[in-house]
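One letter stands for each residue in the lines below.
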Amino acid sequence: MTNTSLNLPSVTPIQDNPALSLTLNGLHLIEASAGTGKTWTLSALIVRLILEGNYVPRQMIATTFTRAAAAELRSRIRQRLEEVRRVIKSLLALQLAHFKSLPESAERKEADQARALLQADIDADLFLDYLVKCIGAGKFGTTDHAIAQNGWTHCLNRLDLALQGFDELFVGTLDSFCQKLLSEFAFESGQGERLQISEQEQELCAEILHDALRKWRAAQDPRLIVMLLQTKKLHDGDAYQYSVGTVMNFLSAELAPIQMPTLDFSRLERLEVALRDLDLRLYDDFIQPHGAARLGMTKSKYLYKFGSKLPDLVSSLQKFGARFLLSIEKGSAEANLLSSFEPISLAQQFNKKFEHFHAQLLRIGTTDILSELAQIKAELATQLDQVEQHLTFVLSQTVRERLPVLLAERGETSFSQQMRLLANALDDPDNGATLAQQIRHRYPVALVDEFQDTNTDQDRMIARVYRTQPLDPAVCLILVGDPKQAIYGFRGGDVQTYLQVRAEIERAQHQKQGRLHGLTVNHRSIEPLVQSVNALFSCNIDLGDGIDYPQISAGERPHPSLQEHGADNPSPLRLLSLSDAKQEAAQIAWQVMQLLTQAAQGELLFDGKPLQAEHIAVLGYANRDLDQVQSLLQEAKIAVWRPSRCSVFASPIASDLAALLHLLLSPYAEGRLRRGLSGPLVGWDLAQLDQLAADARALVRQQMAFADDGQVWTRQGFLAAWHSMADRLAIWTHLATLPDAERHLVNLRHLLELL
């Protein structure tokens, strides 16, 4: 909701510690740069909400962007609750032991020593120190009793209650929270039937996409299909999945229709016929080295520079027609020569004193044909681009319309569709406000992490429930994000949504209903590195509209030092500028090798010991970039560990194992035999395969051996057949000698377990 009547000054986030100072009602936005203790802050706020706000777990929700992050956040919250409970319980027990023991007794001294040790731990933790002081001052619990122990007991009881009901605290993704709300408020949201989240959404999208592409191709003129294939503007269904998937992440956005252009094939065919009668001798004055007209031509123009190629150009057009016209690459000599015949360009080919040569060229009747061909080429390029965009629109629109229908027929839905359903239900003018009030009543507290990656529908849901006007005084909404880390735009995340909400909370701060906070102390990195990054981003680096870089300071947490030539962290940030991007992988690999070489020579120490390969991490923009670096490092015999989300069935070992299984089924097929023996599992080279082909007895022996293994598979099972084959061909021994042997061995063991 935008307020255009007030011209409010911008608000700078308050550089406090929101874990301690945040008021437990209203709207809050915590801008947390990387490494500034975001999870520590969120877990501390949950404890405060339970002790200070008197909430119970079932009244609160905490969401983040991924399931893994949600699991980590849940674990940290529980650990923090247990830690605070342990400290309070220990303080109560030590206080009781102090009062029960006699002065100067061993029991009292022991209790006091234990209290001193515990107090040291409390003083070292900012949040524990805050809690202990607040409880001791009677700020939590009953305050009308003289005995302070009532406050301690009250907090201990609340923590016990929270841990007993901890499973009722919702910690998950926004999508799973939406699913929970639609289940709990099925009638109010209009979801009569409970649908399961589909596990085959991508497969269904691919099926719809391929069907839609096939129908579209069948309805088009074959000449258009040929042109699209020749210009590589028509692909198989898989090539469109990324574009369609991106569109599916923005379900609330309307697709702008792209009209199908009308291509005039008859015009092109007419020109192809006319080209057959073109007499090139009429152009000798313009294209021959000693042509009379060349004296009046501008030497920097294309007709003068490339005129000699006109016979070859016309000959190719006469032979191949439109196919050659479309194959002419932009910027080539042929393309530049043809463009010189465009009406606007033709007059510019001559000096002003020799305009009569221009008139002479125009009097040649076939010049109009070349001019029209130049125009058609430019028009076709534009029209084919529009056809490609139109096709992407048609496929995206079809998948959008068909996917919900197919999912509904299967009794399924998707997270994005559920989010849109809930957002639309909350927007309903008749029942939306009532539904939002019921959700707020059940969940008055919401903590939303990674808010910079929320999409429009997710923010609509949050806004309708928690950011209402007038603001519900019982609501406590805490948003946490960092616009600099907004990296999920391709999945629907919209940083502009974040910036709009930030402006909304700025207005709420002026009205004493909200507050902006900032976490700017980095606890993860050493001070020299933090200072270097600050210096880098102070050079007016453009992060996007409305996104600024706050200066970060380093925390006091100790870190092991990196010593180079005896100096601690002399170059914490090194920036390499390459003139050729293709050399990036080689330069990264070379830098890693240099670091390890320095370490081997005792010039580079990490925490007092030579730097090792496991101390180095390489980050890349895409997997293909990391593949190049990994290959170069492995060639240099540097061990590489790389996590992968790829299925083990997509590994080279899986395809090779499949080839051996086919060979067991068809041992006398020579093609399958050569394929099975030449793969990485067996590793025969060309010389061994040639020798096998030349020796008929050896060939028969191999075929019979695989046939025997196939019989073992039939009688005793796959594992017995595998052991026989692996022992005979020394597969394990061979694999151990290959580069990246550890990965191959792990993948093979995994595949064997699955089989």
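Residues numbered from 1 in each chain as written. Predicted model: local features only at pLDDT ≥ 70, side-chain atom pairs only at ≥ 80, totals over all residues. Heavy atoms only, no water.

A. Fine view of the overall build of the protein chain. When helices and strands are counted, the protein chain shows 34 helices and 14 strands. The principal-axis extents of the C-alpha atoms in the protein chain amount to approximately 120 × 85 × 65 Å. Here the protein chain holds 755 residues, and the buried ones make up 42% of them. Long-range contacts, defined here as pairs at least 24 residues apart, represent 76% of the contacts in the protein chain between residues at least 6 apart. When the 75 positive and 90 negative side-chain charges of the protein chain are each reduced to one mean point, those points stand 1 Å apart. (Helix = DSSP H or I, 4+ residues; strand = E, 2+ residues; numbered from the N terminus. Buried < 20%, exposed > 50% of the residue type's maximum accessible area, 1.4 Å probe, protein only. Contact = heavy atoms within 4.5 Å. Lys, Arg positive; Asp, Glu negative; His and termini not counted. Charge placed at Lys NZ, Arg CZ, Asp CG, Glu CD.)

B. Up close: a nonpolar patch on the surface. Taken together, the side chains of Leu-536, Ile-541, Leu-573 and Leu-575 present a nonpolar region at the surface, about 370 Å² in accessible area. Take Ile-541: it is sitting in the loop between α25 (527-537) and β10 (553-554). For Ile-541, a relative accessible area of 39% gives the class partly exposed. (Patch = residues over 30% accessible without salt bridge, like charges linked within 9 Å, V, L, I, M, F, W, Y side chains within 5 Å. Areas by Shrake-Rupley, 256 points an atom, 1.4 Å probe, with all protein chains shown as cover. Salt bridge = Lys/Arg side-chain N within 4 Å of Asp/Glu carboxyl O.)

C. Representation of the sheet that holds strand β14 (residues 609-610) in the model. If you trace the four strands from one edge of the open sheet to the other, you get β12-β11-β13-β14, paired in antiparallel fashion. At either margin of the open sheet sits one strand with a lone partner, and together these are β12 (567-568) and β14. Where strand β11 (residues 562-564) lies against β12, two bridges are found, and the strand directions are antiparallel. Looking across to β12, one finds that Glu-564 is bridged to Ala-567. (Pairing = 2+ DSSP bridges.)

D. Structural context of the packing of aromatic side chains. Scanning all chains against the criterion turns up 11 aromatic pairs. With 5.4 Å between their ring centres and 45 degrees between their planes, Phe-170 and Phe-177 make a pair best called tilted. Each member of the pair, Phe-170 together with Phe-177, is buried. Ring pairing ties together the aromatic residues Trp-40, Phe-127 and Tyr-130, which thus form one cluster. Geometry around Tyr-304 places Arg-294 over its ring, the cationic atom sitting 4.2 Å from the centre. The positively charged end of Arg-749 is found above the aromatic ring belonging to Trp-732, 4.8 Å away from the centroid. (Phe/Tyr/Trp six-rings, centres within 6.5 Å; stacked < 30°, edge-to-face > 60°. Lys NZ or Arg CZ within 6 Å of the ring centre and 35° of its normal.)

E. Representation of the sheet that holds strand β3 (residues 170-173). Across the sheet, which stays open at both edges, the six strands sit in the order β3-β2-β6-β7-β1-β8 with parallel pairing between neighbours. Two strands close off the open sheet at either side, each with one partner strand: β3 and β8 (514-519). Within the sheet, the average angular offset between the axes of one strand and its neighbour, ignoring direction, is 15 degrees. Set on the sheet, helix α3 (residues 67-100) makes contact with β2 (60-64) and β3; between it and β3 the angle comes to about 160 degrees. (Axes fitted to C-alpha atoms, helices over the stretch in contact; angles between N-to-C directions.)

F. Just the packing of helix α12 (residues 265-275) against helix α20 (residues 367-409), in detail. Interaxial distance between α12 and α20 falls to 11 Å at its minimum, and their mutual angle equals 145 degrees. For the element pair α12 and α20, the recorded crossing hand is left-handed. Here α12 contributes Arg-267, Leu-268, Arg-270, Leu-271, Ala-274 and Leu-275 to the contact with α20, which in turn contributes Ile-369, Glu-372, Leu-373, Gln-375, Ile-376, Glu-379 and Leu-380. The class makeup of the residues in the contact of α12 with α20 is eight nonpolar, one polar and four charged. (Left-handed = near helix turned anticlockwise from the far one by under 90°. Nonpolar A, V, L, I, M, F, W, Y, C, P; charged D, E, K, R; others polar.)

G. The environment of Asp-459, seen in detail. With respect to the helices and strands, the residue Asp-459 is situated in helix α23 (residues 456-466). Between the C-alpha atoms of Asp-459 and Met-419, which are 40 residues apart in sequence, the distance is 9.9 Å. Each residue touching Asp-459, except ones within four places of it in the same chain, is listed here: Phe-451, Arg-467, Thr-497 and Val-501.

H. Here's a closer look at the pairing of strand β6 (residues 445-448). Residues Val-445 and Leu-447 of β6 are buried on one face, and the alternating residues Ala-446 and Val-448, pointing to the opposite face, are buried as well. Taken together, the four bridges between β2 and β6 define a ladder with parallel strand orientation. Across the sheet, the residue bridging to Ile-61 is Ala-446, located in β6. Pairing between β6 and strand β7 (residues 476-481): four bridges, direction parallel. Paired with Leu-447 across the bridge in β7 is Ile-478. Chirality of the crossover, the property in question, places the unit of β6, α23 and β7 among those that are right-handed. (Right-handed = clockwise from strand over helix to strand, strands pointing away.)

By themselves, these figures tell us nothing about what the structure is for.
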